[in-house]
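The chain contents come next:
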Amino acid sequence: MTKPPRKVSAPSAMWGGRFDAAPAAIMEEINASIAFDQRLAQQDIAASKAHCAMLVRQRIITKAQGNAILKGLDRVRREIESGRFLFRRDLEDIHMNVESRLKELIGPAAGRLHTARSRNDQVATDFKLWVRDAIDRIDAGIKGLQRVLIEKAEAHAATVMPGFTHLQPAQPITYGHHLLAYVEMLGRDRGRFADCRRRLNECPLGAAALAGTSFPIDRAMTAKALGFSGPAANSIDAVSDRDFALEFLGTASILAVHLSRLAEEIVLWCSEQFGFLKLSDAFTTGSSIMPQKRNPDAAELVRAKAGRIIGAAVALLVAMKGLPLAYGKDMQEDKEPVFDAADTLDLCLAAMAGMLKDARVDAGRMRAAASAGYTTATDLADWLVGALGMPFRDAHRVTGALVRQAERKRLPLDKLGLAEMRKIEPRITKDVLSVLGVDNAVKSRTSAGGTAPANVRRAAKATRRRYLG
């Protein structure tokens, strides 16, 4: 039995002049991007309005046509903002959806808007505008987290805790000093995002498909109207460049790693074994079977989401790595990773700031942990060098022997006793006791960037001026 021919709809009115039949259903499925690029709606309308104003001034379209287009675009924008706009999948992307609705509203004049541009330069412009907005929003989120960290650092400038290397007790520090380390890390993240924003701030609009246009456009005008520093210099690069998205995702990945490291410490510090912090009910959950559980789920999720953001960066790098110039449809895969990474960062930054703001510090547990594990051994070695003139390598060996003796007797160093110490180094005097307490050890670290409480207070003020304005 002969099968009837498959019915096909008409080719797209936007690009279908070359084709006799519509795409297969699976082609429509893989080709459409409106499900995610509708997030570019505001940027698309802003860029279209700037382009329209330029076309009018250059007398490429009439003033009447321009006014109709601008009024129509404003109406489309209001429909989108109110949720009344119907996004059509058969129109593929945000650009065609906006243009189609514009045509319904104002008639054939809508077709004038696409003069001297292509979807290639249009999407590159929209995407840059979106990433620029995302950077500004993320910067505000980082700044908010820095504010919380600085406030906590000021409150805990003298709260003693153990500093770790290899997750083993190393030397006494203060909680405030530890938190300020993250303020500096986040400051570098803000600097990287600022660099990314500065580099991306070149306008692709007017590059058209890849070769520019024969119309007498003014690219500097549209660039200025959209807040760009100027037009992109090369039309091929303008439409094929996605460095800005890659740089955004790379910077986002480094920030995600910093948030993950802090989240990991929160998870550890909230454990019964550490007991340094207690998160509020707002940022913990319980267990369905164990009534006593209080789980730091928000911190665990921040830690896990770093992989999601890093994965987004890898996905786009792989998508771009083999593309010849200029545009390839592969580049449609650029937006979802960036959108997801930006959303994830917004959430993680807010969660981290909330957790730390509400967290309760157990200063007693921190101090007890700082006093254990022979964390003042380095202070003892430094005393041997300073008071007895001993070469540091000799002081290191003597201190190691003293720690070994204290371990055998199950005593902290400051309880070992002068008699026992003198069995190993006869010249030790009672003055050594002044450096064996954790408070004295912390206060002695007065070098620039050190953990002495006075240093921490000064550093907190300095970082507040530098990062918070």
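**Quick notes on the overall build of the protein chain**
Right, on to step 1. Across its full length, the protein chain carries 18 helices and six strands.
Right, on to step 2. Here the C-alpha radius of gyration of the protein chain, 31 Å, is well above what a compact globule of 469 residues would show, namely 23 Å.
Right, on to step 3. For the protein chain, the residues scored as buried account for 48% of the 469 residues in total.
Right, on to step 4. Seen as two clouds, the 69 positive and the 53 negative side-chain charges of the protein chain have centres 4 Å apart.

**Quick notes on the packing of aromatic side chains**
Right, on to step 1. Applying the stated criterion across every chain yields a total of nine aromatic pairs.
Right, on to step 2. Ring centres of Phe 274 and Phe 276 lie 5.3 Å apart, and the angle between their planes is 85°; this geometry places the pair in the edge-to-face category. Residue Phe 274 shares its accessibility class with Phe 276, and that shared class is buried.
Right, on to step 3. In this structure an aromatic cluster arises from ring pairing among Phe 164, Tyr 175, Trp 269, Phe 274 and Phe 276.
Right, on to step 4. In this arrangement the basic side chain of Arg 39 is found over the ring face of Phe 339, its NZ or CZ atom lying 4.9 Å from the centre.
Right, on to step 5. Geometry around Phe 127 places Lys 335 over its ring, the cationic atom sitting 5.7 Å from the centre.

**Comments concerning unusual backbone geometry**
Right, on to step 1. Across the junction of Leu 325 and Ala 326, the peptide omega takes the value 10°, indicating a cis bond.
Right, on to step 2. As for its position among the elements, Ala 326 is in the loop between α11 (297-320) and α12 (335-358).
Right, on to step 3. Phi at Glu 92 takes a positive value of approximately 75°, unusual for a residue other than glycine.
Right, on to step 4. Along the chain, Glu 92 falls in the loop between α4 (63-82) and α5 (94-106).

**Re the pattern of salt bridges**
Right, on to step 1. Evaluated as defined, the whole model comprises 29 salt bridges.
Right, on to step 2. Two residues, Asp 334 and Lys 335, come together in a salt bridge whose shortest N-O distance is 2.9 Å. Lys 335 matches Asp 334 in its accessibility class, with the two residues each being buried.
Right, on to step 3. Its salt-bridge partner being Arg 445, residue Asp 379 comes within 2.7 Å of it at the nearest N-O pair.

**A few points about a nonpolar patch on the surface**
Right, on to step 1. A contiguous nonpolar surface patch, about 290 Å² in accessible area, is contributed by Val 257, Ile 310, Val 314 and Val 318.
Right, on to step 2. Ranked by residue count, the leading element in the nonpolar patch is α11, at three residues.
Right, on to step 3. Mapped onto the secondary structure, Val 257 falls in helix α10 (residues 243-269).
Right, on to step 4. Judged by its relative accessible area of 36%, Val 257 falls in the partly exposed class.

**Details of the confidence of the model for the protein chain**
Right, on to step 1. Mean pLDDT over the protein chain: 92, with 93% of residues reaching 70 or higher.
Right, on to step 2. Counting interchain partners and residues more than four positions distant, the pLDDT-below-50 stretch residues 1-10 has six contacts.

**Section: the pairing of strand β2 (residues 168-174)**
Right, on to step 1. Both strand β1 (residues 160-165) and β2 contribute to a ladder of six bridges, which runs antiparallel. Its bridge partner lying in β2, Phe 164 is registered against Pro 169.
Right, on to step 2. In textbook terms, the turn of a hairpin is the stretch between consecutive antiparallel strands, and for β1 and β2 this stretch comprises two residues, one of which, His 166, has a positive phi near 60°.

**Re the packing of helix α3 (residues 41-57) against α5**
Right, on to step 1. In contact at an axis separation of 10 Å, α3 and α5 are set at 60° when each is read in the N-to-C sense. Here α5 runs oblique to α3, going by the angle between their axes. The two elements α3 and α5 meet at a crossing, and its hand is right-handed. Side by side, α3 and α5 meet where Ala 41, Asp 44 and Ile 45 of the first sit next to Ile 94, His 95 and Val 98 of the second.
Right, on to step 2. For the contact of α3 with α5, the residue count by class is four nonpolar, one polar and one charged.

**A few points about the environment of Gly 400**
Right, on to step 1. Here Gly 400 is to be found in helix α15 (residues 392-409).
Right, on to step 2. Along the backbone, Gly 400 and Trp 269 are 131 residues apart, and their C-alpha atoms lie at a distance of 29 Å.

**What about the environment of Phe 339?**
Right, on to step 1. Relative to the helices and strands, Phe 339 is located in helix α12.
Right, on to step 2. For Phe 339 and Trp 130, which are 209 residues apart along the polypeptide, the C-alpha to C-alpha distance reads 9.2 Å.
Right, on to step 3. Leaving out residues up to four positions away in the same chain, Phe 339 has contacts with Phe 36, Asp 37, Arg 39, Leu 40, Phe 127 and Trp 130.

**Some details on the packing of helix α6 (residues 119-155) against α12**
Right, on to step 1. It is the contact of α6 with α12, at a shortest axis distance of 9 Å, that shows an interaxial angle of 15°. Comparing the axis directions of α6 and α12 gives the class roughly parallel. Classified by chirality, the crossing of α12 by α6 is left-handed.
Right, on to step 2. Considering only residue class, the contact of α6 with α12 consists of 18 nonpolar, one polar and five charged.

**As for the state of the cysteines**
Right, on to step 1. In the structure shown here, the tally under the stated rule is zero disulfides.
Right, on to step 2. Residue Cys 196 stays outside any disulfide, its sulfur separated by 16 Å from that of Cys 203, the closest cysteine.
Right, on to step 3. Cysteine Cys 348 remains unbridged, with the sulfur of Cys 270 as its closest cysteine sulfur at 17 Å.

**A short note on the side chain of Ser 253**
Right, on to step 1. Mapped onto the elements of the fold, Ser 253 is located in helix α10.
Right, on to step 2. When near neighbours in sequence (up to four residues on either side) are disregarded, Ser 253 contacts Ile 309, Ile 310 and Ala 313.

**Some remarks on the side chain of Thr 222**
Right, on to step 1. Tracing the backbone shows Thr 222 in helix α8 (residues 219-225).
Right, on to step 2. With relative accessibility at 2%, the residue Thr 222 sits in the buried group.
Right, on to step 3. Setting aside chain neighbours within four positions, we find Thr 222 in contact with Ala 50, His 51, Met 54 and Leu 205.

Reading the values: the criteria
Residues numbered from 1 in each chain as written. Predicted model: local features only at pLDDT ≥ 70, side-chain atom pairs only at ≥ 80, totals over all residues. Heavy atoms only, no water. Helix = DSSP H or I, 4+ residues; strand = E, 2+ residues; numbered from the N terminus. Rg over C-alpha atoms; globule rule 2.2 N^0.38 Å. Buried < 20%, exposed > 50% of the residue type's maximum accessible area, 1.4 Å probe, protein only. Lys, Arg positive; Asp, Glu negative; His and termini not counted. Charge placed at Lys NZ, Arg CZ, Asp CG, Glu CD. Phe/Tyr/Trp six-rings, centres within 6.5 Å; stacked < 30°, edge-to-face > 60°. Lys NZ or Arg CZ within 6 Å of the ring centre and 35° of its normal. Salt bridge = Lys/Arg side-chain N within 4 Å of Asp/Glu carboxyl O. Patch = residues over 30% accessible without salt bridge, like charges linked within 9 Å, V, L, I, M, F, W, Y side chains within 5 Å. Areas by Shrake-Rupley, 256 points an atom, 1.4 Å probe, with all protein chains shown as cover. pLDDT = per-residue confidence, 0-100. Contact = heavy atoms within 4.5 Å. Pairing = 2+ DSSP bridges. Axes fitted to C-alpha atoms, helices over the stretch in contact; angles between N-to-C directions. Parallel < 35°, antiparallel > 145°, perpendicular 65-115°, else oblique. Left-handed = near helix turned anticlockwise from the far one by under 90°. Nonpolar A, V, L, I, M, F, W, Y, C, P; charged D, E, K, R; others polar. Disulfide = S-S within 2.5 Å.

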